[in-house]
Structure formats: C-alpha cells, structure tokens
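Remarks on the overall topology
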Amino acid sequence: MAEVRFEHVDKSYSGKAKVIEDLNLQVCDHEFLVLVGPSGCGKSTILRMIAGLEEITAGDLYIGDRLVNDVVPKDRDIAMVFQNYALYPHMSVYDNMAFALKLRHTKREEIQRRVRGAAATLGIEEYVQRKPRELSGGQRQRVALGRALVREPQVFLLDEPLSNLDAKLRVQTRAEISRLHLQTGTTFVYVTHDQVEAMTMGDRIAVLNGGVIQQLGTPSELYNQPANLFVAGFIGSPAMNFFSARLLRGADGAQIVIGDGSDARTLRLAGTLAETIAGQATSEGRPVIVGIRPEDLRLASEGSENTLAGTAEVVEHLGNEQLIYLQTSGTILPETAAQARETAEDAITLGPSVIARVEAGTDLRPGAQLALQPNLGHLHVFDPATAQRFI
C-alpha cells in the first residue's frame, strides 16, 4: 500500500489556461479520499495524472516514496475502475478478471487463487463463466472491481464508477466499495460529481472548483464548517439556503437582519453565537450572506419569534419527512447578491425561495401560509466580498 502525493503540480493543454494549478495534496496510506466537484473542475484530470494517462505540466507526483512523473502507467502499480466498466465482451468474467495477470505471466495457480478470491469477496462466483452481456449493470461493475482487485495494487483509482447504475444499485454498490476498502486496506482515490457519494464513502473529501481545492476535510468538517460559499452550496442535499443579510449591533444585542425595508426579518441572537457576531457587527449593519441548511428549519408555532414567513409553493412528501419550498419576500439585498454570485462563481442561489426539511405528520399543501424557525446555533455566515466563511 502507498500514499499519493502531489507537490506544486500544474496541468495545462497546449499552453492554454491551467486545468490544475499548484496542486498540493497528500492521500494517506490506506485512506479513502474522494475528489468531488462540478463537471470540468479537474477531478478526473487529477485521477488520470495518478494513473499516468495524463502527463503533468509542472511539479512532482509521488506514489509511495517513488517519483512517478516519467513512469509509464503499467509500472505504477495502480488499478483503475472506469465509469463504463471497459470489459472485453468476447471474454468470460473469469478471463476478464484474469487478463492483466496473464499479461504479467503470473502462474496459473496464482491466477485462479486471486480470481476466485476476488469473486468471493464481491459475490460473483456464480457468474465467472458468463459473458458481460449476460450480466446486469451492477454485476458488470462488480466484475470491473474484481479485475482491479486481483492485481493487488498499491492504489485503487475509481472514476465515477456508479454513474451508470440506477438509484437502488448505486446505494448497494456504494456499500460494497466501502466494504472492499475496509477488507483490502488499500489506498482508494475516488472521483464523483455526486456529493452524497462523497459524504457517505470518503474518509476525507477534496472539494474542487476551477482546478483548485476549495476545502479538504472529513465529511463532518465540510458539512458543519464549510470554508466558503462554494463548499457550503455544493455539500448538502437539498442545498443550503442563502440570504442577503446584515449583522447589526443594536441596543438589545447582536442581530441578523434578513432582507430590507418593511419586509425585513430580524433574528435576535443569544449565547456564544451572539458573542461571536458582536465583534463583527456594526451599528449600520455589516453586509453578509447567511446560510441555513433545510434540516435546520422547522415549522414555527403561532407567536414564535425569529421566524421566516411565506407561502408554500411545493410540498414533497418523502415518507418520513417533507420538503417544503417556501416563497418569502424581502430577502434579497441586490448589491450583496451581486457580490456573492461573482465571488462564488454562480455556486449559490440567494432567496426568496427557501427549502425546509421537516418531519412528516403535518398535512401541508401548496398555498399554505407558513412560518419557519431556524436553529440559530447552526447558522453559517459568509463575507460577500470574499465568499469566505467568518462565522
């Protein structure tokens, strides 16, 4: 097993703008690292550089203690699983899994041991004599995983391996890959655009945008302490709600004022959050972006303080919970919204639509007038000028 280390790595094509810029990243030995981000952010390029399928433009790349800048793919001791499985259609499952070992002139007994072992690990023993066309999508993906597993590589590279599977199979195969990582103890680098996959599978997650790592941390760190507006808007499903607001230091303490004019909503703060905000607030009101996750909004009882009121546009009943899409008024400060959108590169949407995740049990219908009460201990506050988190 081995760590993977990028030191000041750049990647560009034909002298054009850099796809990856000054990448410094260490994937620890035995770690499951997920690279996540929108299409075109550079995550697959990073994976292909590890595999040797893309040359780096500048910097150094190490697998273990070995500099591999000029090492050809077959000598890097890695195994890659692709989105489209890449199985040989004329070969049986057994021959697909054994192919790379035969090219290395591995002894027949050793090939049989590894293939049978991998098939047992992945639960595909009964399919080893079938052709790929006789298998379902999930079974083909397990064959592709098995083909990588028999090589006993130092590093597994997985490039969106679940994107061709239906929702149920994605959940099942997700668990199988996580279990495979625990069983083998191999270093895994996994690329996906699906943040749910990232959150459920990764020991750590690197969130990329524009070829730059926006934040690297555990799923909990990214969810609870997003470093900037982009990460806050990308991590979480449904996405975080964002509001133009002001931090106001008033006679009765620190406040967050959402919106402007007669429709402004005031959230009166207390405790640790109030003490933290007091140092940032001004008597005129400092412009900020406030983020509230859908699960941190609950239906408020009549007469409650610190609420956001509006009309339910859409109600999605999901069995044990409901998603409410609420139309509110007065939540946008135009100059703050323009700043935030520019600095976050269109990664966020500012009110007036609000999404709340609430428990099932209340019979809600579109058109209902509702009031939502945020969990003030879970607010996220960002600077619209820099898009960085400061509370």
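Structural data are supplied above this passage.
None of these values were measured; they are calculated from a predicted model. (Residues numbered from 1 in each chain as written. Predicted model: local features only at pLDDT ≥ 70, side-chain atom pairs only at ≥ 80, totals over all residues. Heavy atoms only, no water.)

1. Remarks on unusual backbone geometry
- Looking along the chain, the bond that leaves Ser237 and enters Pro238 is cis, with omega of -5 degrees.
- A positive phi angle is found at His8, which is not glycine, with a value near 50 degrees.
- Mapped onto the elements of the fold, His8 is located in strand β1 (residues 4-12).
- Positive phi, normally seen in glycine, also occurs at Asn306, with a value near 55 degrees.
- Residue position: Asn306 is located in the loop between β15 (297-299) and β16 (308-317).
- Overall, Asn306 belongs to the buried group, its relative accessible area being 16%. (Helix = DSSP H or I, 4+ residues; strand = E, 2+ residues; numbered from the N terminus. Buried < 20%, exposed > 50% of the residue type's maximum accessible area, 1.4 Å probe, protein only.)

2. Examining the pattern of salt bridges
- What the rule picks out here adds up to 17 salt bridges.
- Arg5 is the partner of Glu3 in a salt bridge, and the nearest nitrogen-oxygen pair spans 2.7 Å.
- Here Glu295 and Arg357 are joined by a salt bridge, their closest N and O atoms 3.8 Å apart. You can see Glu295 sitting in the loop between β14 (286-292) and β15 and its partner Arg357 sitting in strand β18 (residues 353-359), a full 62 residues away along the chain. (Salt bridge = Lys/Arg side-chain N within 4 Å of Asp/Glu carboxyl O.)

3. Details of the sheet that holds strand β19 (residues 369-374)
- Spatial strand order, β15-β19-β16-β17-β18: five strands in an open sheet with antiparallel pairing. The open sheet has two free edges, formed respectively by β15 and β18, since each of these has just one partner strand. Neighbour-to-neighbour, the strand axes of the sheet open up by a mean angle of 50 degrees, direction not taken into account. (Pairing = 2+ DSSP bridges. Axes fitted to C-alpha atoms, helices over the stretch in contact; angles between N-to-C directions.)

4. So, the pairing of strand β4 (residues 58-63)
- When β1 meets β4, the two strands line up antiparallel, connected through five bridges. Bridged to Glu7 within β4 is Asp60.
- Note that β4 and strand β5 (residues 66-67) share two bridges and pair antiparallel. In the strand pairing of β5, Tyr62 is matched with Leu67.
- The turn linking β4 back onto β5 is made up of two residues, and Gly64 within it adopts a positive phi angle of 70 degrees.

5. Some thoughts on helix α2 (residues 93-103)
- Considered for burial, the residues of α2 that qualify are Val93, Tyr94, Asn96, Met97, Ala98, Ala100 and Leu101.
- His105 sits one or two residues past α2 and shows a positive phi near 60 degrees.

6. Thoughts on the side chain of Asp159
- With respect to the element layout, Asp159 can be found in strand β7 (residues 155-159).
- The side chain of Asp159 sits in the buried core without any salt bridge; Arg48 is the nearest counter-charge, 5.9 Å away. (Lys, Arg positive; Asp, Glu negative; His and termini not counted.)

7. What about the nonpolar core?
- In this structure, Met97, Leu158, Ile177, Tyr190 and Val207 are the most contacted members of the largest nonpolar core, which totals 44 residues.
- Residues in contact with Val207, not counting those within four places in the same chain, are Val36, Val212, Ile213, Gln214, Gln215, Leu222, Phe230, Val231 and Ile235.
- Of all hydrophobic cores here, the second largest spans 31 residues; its members include Leu297, Ile324, Leu379 and Ile391. (Core = buried A, V, L, I, M, F, W, Y, C linked by side-chain atoms within 4.5 Å. Contact = heavy atoms within 4.5 Å.)

Treat this as a map of the structure, not an account of what it does.
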